[in-house]
Amino acid sequence: MKNNNLAFLISYAVRGSALVRWIGVLGIAGLLMGCAFVRGEVGEPFSEERIKALEKGKTTRQEVALHFGAPDEVVEANGYDIFHYRRFDSKLGWVLFFSRFNVGSDNLWVFFNSQGIVQEVVFGNRTGNLEFQVWPFGE
Amino acid sequence: MGKIWHCCIGMVLIALWGAGCDFRRVVVNAPISSETLQRLNPGEDLLNDIVQTLGAPDEIDEMTKGMVLRYRYGDSKTMRVNFGWIFRIFLPVVPSMHLGRGEGVTHVLHIAMNGDGTFDHYFVQDPPAPPRFWFWPF
């Protein structure tokens, strides 16, 4: 009787449903490697309100520095002094032996005329669409 | 042995083989398509038009007349195989026998602006070959 019960258990484990088998395979794979989802951010996000507060022909260099802090870079081009602010966001997805690390950057450029008044504001958000991805192949 | 046993053994062997492999990819920003660039009109488009089409540049540099906007897109692929991993079946300590290789490329897009602030021309500096996954380092 005991032998019959044992045989039944083994046959159940081996012949178990596809779901049971997959859980077993995933369990083994999980024990072997594991997975990770990690996010890293450098710099503070540029909120829409803060960017809207920059008024062309009105806001001064000092006010910009007060709102956004010291720029990461100051560039001189085409007669403008330009303050450059950067922000980086990164997302890493890692499952078993596949991993993908996506990095995106937001850039804010503030152009000043010779009087130190804001002439142009250029902002690009590339971190908004950043995704956690695991599959490293393809696009 | 039954079909299910073969299947299970196969899956375990695949998992063990795979556990000794490593595929990693790092992507910095998204590529800009050539269709997007064709929408730019030389002598007409201003800085704001460029930014609406392509987003804010990663770099701005001065030229003798005007300035150049620079966009960067990076892609790197690394593959590593640990041939010692298979010994974990037989040995208590897993010896490290790695072979690996990484390839990285950067695509650069230059947008030249005239002294009057209008778009002049663009140039895409593509790398000679896209990166690929391969473990052989020699």
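Quick caveat: nothing in here was measured; it's all calculated off a predicted structure.

(A) Here's a closer look at the overall build of chain A. Summing up its helical and strand segments, chain A has four helices and five strands in all. Buried positions account for 37% of the 139 residues belonging to chain A. Considering only residue pairs separated by 6 or more positions, chain A has 56% of its internal contacts joining residues 24 or more positions apart. For chain A, the accessible surface area stands at approximately 8500 Å², while carbon and sulfur atoms represent 59% of it.

(B) The arrangement of the pattern of salt bridges in detail. Counting across every chain of the model gives 17 salt bridges over all chains. The salt bridge partner of A:Glu41 is A:Arg87, with a shortest N-O separation of 2.4 Å. Of this pair, A:Glu41 sits in strand β1 (residues 35–42) while A:Arg87 sits in strand β3 (residues 80–95), placing them 46 residues apart in sequence. For A:Glu120, the salt bridge goes to A:Lys56, with nearest N and O atoms at 3.0 Å. One end of the pair, A:Glu120, is in strand β5 (residues 118–124); the other, A:Lys56, is in the loop between α3 (48–52) and α4 (61–68), with 64 residues separating them in the sequence. Taken together, the salt bridges that share partners define one network made up of B:Glu59, B:Asp61, B:Arg70 and B:Arg72.

(C) View of the environment of B:Thr106. All names here are of chain B. Looking at the secondary structure, you find Thr106 in strand β4 (residues 98–113). Note: C-alpha distance between Thr106 and Ile86 (20 residues apart in sequence) is 36 Å. Setting aside residues no more than four positions away along its own chain, Thr106 makes contact with Arg72, Tyr73, Gly74, Gln125 and Pro127.

(D) Geometry of the side chain of A:Asp106. All names here are of chain A. Looking at the secondary structure, you find Asp106 in strand β4 (residues 98–112). One polar contact links the side chain of Asp106 to the main-chain amide nitrogen of Arg126, over a distance of 2.8 Å. Beyond its immediate chain neighbours, meaning those up to four positions away, Asp106 contacts Phe46, Tyr85, Arg86, Arg87, Phe123, Gly124, Asn125, Arg126 and Thr127.

(E) Just a nonpolar patch on the surface, in detail. On the surface, a cluster of nonpolar side chains totalling about 650 Å² of accessible area is made up of B:Phe83, B:Ile86, B:Phe87, B:Ile89, B:Phe90, B:Leu91 and B:Met97. With respect to the helices and strands, the residue B:Ile89 is situated in the loop between β3 (67–82) and β4.

(F) Quick look at unusual backbone geometry. One non-glycine residue, A:Asn78, lies in the positive phi region at around 55°. With respect to the helices and strands, A:Asn78 occurs in the loop between β2 (73–77) and β3. Judged by its relative accessible area of 22%, A:Asn78 falls in the partly exposed class. Residues other than glycine seldom take positive phi values, yet B:Asn29 does so here, at roughly 60°. Here B:Asn29 falls in the buried class, since its relative accessible area comes to 10%.

(G) Local environment of helix α3 (residues 47–54) of chain B. Looking at α3(B), one finds that the buried residues are B:Leu47, B:Ile50, B:Val51 and B:Leu54. The buried residues of α3(B) occupy an angular sector of 95° when the element is viewed end-on, so they sit on one face. As for α3(B), its buried residues are in contact with β4 and β5 of chain A together with α2 (34–38), β3, β4 and β5 (119–125) of chain B.

(H) Just the pairing of strand β1 (residues 21–28) of chain B, in detail. Summarising the sheet, β4(A) and β1(B) pair through six bridges and their orientation is parallel. Note that in β1(B) the partner of A:Val103 across the bridge is B:Val28. Relative to β3(B), β1(B) runs antiparallel, the two being bridged by eight bridges. The residue of β3(B) that forms the bridge with B:Asp22 is B:Arg80.

(I) Expanded view of the packing of aromatic side chains. All names here are of chain A. One pass over the full model with this rule turns up 19 aromatic pairs over all chains. With 4.8 Å between their ring centres and 70° between their planes, Phe83 and Phe112 make a pair best called edge-to-face. Highlighted residues: Phe83 in strand β3 and Phe112 in strand β4, separated in sequence by 29 residues. Here Phe83 matches Phe112 in class, with each residue buried. Among the aromatic residues, those joined into a ring-pair cluster are Phe46, Phe68, Phe83, Tyr85, Phe112 and Phe123. The ring of Phe112 carries Arg61 above its face, with NZ or CZ at 5.5 Å from the centroid.

Reading the values: rules and limits
Residues numbered from 1 in each chain as written. Chains lettered and ligands numbered in written order. Predicted model: local features only at pLDDT ≥ 70, side-chain atom pairs only at ≥ 80, totals over all residues. Heavy atoms only, no water. Helix = DSSP H or I, 4+ residues; strand = E, 2+ residues; numbered from the N terminus. Buried < 20%, exposed > 50% of the residue type's maximum accessible area, 1.4 Å probe, protein only. Contact = heavy atoms within 4.5 Å. Areas by Shrake-Rupley, 256 points an atom, 1.4 Å probe, with all protein chains shown as cover. Salt bridge = Lys/Arg side-chain N within 4 Å of Asp/Glu carboxyl O. Polar contact = N/O pair within 3.5 Å; in protein donor to acceptor, adjacent residues only side chain to side chain. Patch = residues over 30% accessible without salt bridge, like charges linked within 9 Å, V, L, I, M, F, W, Y side chains within 5 Å. Arc of directions from axis to C-beta. Pairing = 2+ DSSP bridges. Phe/Tyr/Trp six-rings, centres within 6.5 Å; stacked < 30°, edge-to-face > 60°. Lys NZ or Arg CZ within 6 Å of the ring centre and 35° of its normal.

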